[in-house]
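Each chain is listed here by its residues.
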Amino acid sequence: MNIKKICITNRQLVSGDYFKQIERALNTDIYALILREKDLSAKEYLSLAKKVLKLCEKYDKMCVLHTYTDVAIELGCRNIHLTMKDLRELTEDKRKCFDIVGASTHTVDEALEAQKLSATYITASHIYETQCKAGLKPRGLDYLKEVVTAVDIPVYALGGVHYDNMTECISCGAAGVCMMSEYMY
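Residues numbered from 1 in each chain as written. Predicted model: local features only at pLDDT ≥ 70, side-chain atom pairs only at ≥ 80, totals over all residues. Heavy atoms only, no water.

Student: Mind laying out the pairing of strand 5 (residues 100–105), listing which residues take part and the relevant values?
Tutor: Within strand 5, five of the six residues are buried, which leaves the element mostly enclosed by the surrounding structure. Bridge count for strand 4 (residues 79–82) against strand 5 is four bridges, and the pairing is parallel. From the neighbouring strand, Leu 82 faces strand 5, where its bridge partner is Ala 103. In the sheet, strand 5 pairs with strand 6 (residues 121–125) via four bridges, with the strands oriented parallel. The residue bridging Thr 105 from the neighbouring strand is Ala 124, located in strand 6. Considered for its hand, the β-α-β crossover made up of strand 5, helix 6 (residues 108–116) and strand 6 is right-handed. (Buried < 20%, exposed > 50% of the residue type's maximum accessible area, 1.4 Å probe, protein only. Helix = DSSP H or I, 4+ residues; strand = E, 2+ residues; numbered from the N terminus. Pairing = 2+ DSSP bridges. Right-handed = clockwise from strand over helix to strand, strands pointing away.)

This is how it looks when you write it as structure tokens:
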């Protein structure tokens, strides 16, 4: 089964050379890479994004920038992933700069809202227990099925997804999966 896998970056998890780790991820069968380093300033993110976009181009993988719409526009990257707050604030003029607009959702209502706000895909999280959401109960596969059924845009399962459980997400109707710790270590 060919499952669409998206790598979400997190340099805080990488113990070695970050760019070598990015290249390792890009040298797999991932469909896309989301450059999520949202703790950086816009200037720092711009510098990082320039390098990562070149690597994605080298490996012929889609790069989706995260949060920083102005950086994406400046770099000519037409793919952006946003929080719901940022998606709600995205102006129509800026929206026109993107072909792909993803949104992070955590409820069925958010999924429906993201679709209404012209998201082209969403992530639904968190499906399984994960270190990123320590102490928070996962929403589970029934939640994922609800989201997939509620919207007409692709839904990517996120949160605690690994190679050993990703087919469960696909069996719920997810278009693919997002993984961080499988690629960032």
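Here the narrative resumes.
Student: An account of the pairing of strand 1 (residues 4–8) is needed here, citing residue identities and associated values.
Tutor: Working note: regular strand, side chains alternate between the two faces of the sheet. With four of five residues buried, strand 1 is to be regarded as a mostly interior element. Pairing between strand 1 and strand 8 (residues 176–179): four bridges, direction parallel. Among the inter-strand pairings, Lys 5 is bridged to a residue of strand 8, identified as Val 177. With three bridges joining them, strand 1 and strand 2 (residues 32–35) adopt parallel strand pairing. Following the sheet pairing, Ile 8 is matched in strand 2 by Ile 34. Following the chain from strand 1 across helix 1 (residues 18–26) to the adjacent parallel strand 2, one finds a crossover that is right-handed.

Any functional reading would require information beyond the geometric quantities listed.
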